[in-house]
Amino acid sequence: MDSFQSQTRKKRLTPNQVRLLETSFNFNNKLDPDRKSQLAVQLGVPPRQVAIWYQNKRAREKNQSLETDYKMLQVRLENTVSHNARLKEEVERLKDELSKVPRFELG
DNA sequence: TTGTGTTTTACGACCTC
DNA sequence: GAGGTCGTAAAACACAA
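How each quantity is defined
Residues numbered from 1 in each chain as written. Chains lettered and ligands numbered in written order. Predicted model: local features only at pLDDT ≥ 70, side-chain atom pairs only at ≥ 80, totals over all residues. Heavy atoms only, no water. UniProt positions renumbered as here; feature names shortened; annotations may be inferred. Near = heavy atom within 4 Å. Polar contact = N/O pair within 3.5 Å; in protein donor to acceptor, adjacent residues only side chain to side chain. Nonpolar A, V, L, I, M, F, W, Y, C, P; charged D, E, K, R; others polar. Helix = DSSP H or I, 4+ residues; strand = E, 2+ residues; numbered from the N terminus. Expected span 1.5 Å × (residues − 1). Contact = heavy atoms within 4.5 Å.

- Identification of chain A as Homeobox-leucine zipper protein from Forsythia ovata is taken from an unreviewed UniProt entry.
- Regarding chain A, the relevant UniProt record gives this comment under Sequence similarities (unreviewed entry): "Belongs to the HD-ZIP homeobox family. Class I subfamily."
- The record held by UniProt for chain A lists under Subcellular location (unreviewed entry) the comment "Nucleus".

Structure follows, in structure tokens:
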């Protein structure tokens, strides 16, 4: 492996490293410079890798949140559609009922 | 195995403050 | 300018066939 590869090769963080990052992220999802260096030392990884992990984590959280919102909206849409169908049935029933009422000439 | 789908890592381009 | 998001490539991983 050459030096370029050894520096850029994608290396997975260990479960313990991830746990530490998760804990820190849950406390504050933005990374101030002091926290970044502190985590880098604790984890034994370059500060850049900590920053990138935070960026990716924020993106994952955002995606999950969008997915949750989407599912909620889908449920609301289904409920609205079925409510609309019931209202239409009711309108038809009332129209039918009205058609059976004898008409009176006014005036 | 290996082919394939998913997740994670890393980065460049662009944006905001 | 530093640090953010967004989009994406590619490595790592999971797992059915």
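1. Brief notes about the protein's contact with DNA strand B
Part 1 of the argument: The local shell around DNA strand B consists of Arg9, Lys10, Lys11, Arg12, Leu13, Arg48, Gln49, Ile52, Trp53, Asn56 and Arg60.
Part 2 of the argument: Among the atoms of DNA strand B lying within 4 Å of the protein, the sugar-phosphate backbone contributes 67%.
Part 3 of the argument: A distance of 3.4 Å is found between a phosphate oxygen of DNA strand B and a backbone nitrogen or oxygen belonging to Leu13.
Part 4 of the argument: The contact in question runs from a base nitrogen of DNA strand B to an N or O atom on the side chain of Asn56, over 3.0 Å.
Part 5 of the argument: Across the surface near DNA strand B, the residue classes tally to three nonpolar, two polar and six charged.

2. Looking at helix 2 (residues 15-27)
Part 1 of the argument: Here helix 2 contains 13 residues, and its C-alpha end-to-end distance of 18 Å stays within 8% of the 18 Å for a straight helix at 1.5 Å per residue.
Part 2 of the argument: Where helix 2 is buried, its residues contact helix 3 (33-43) and helix 4 (47-99).

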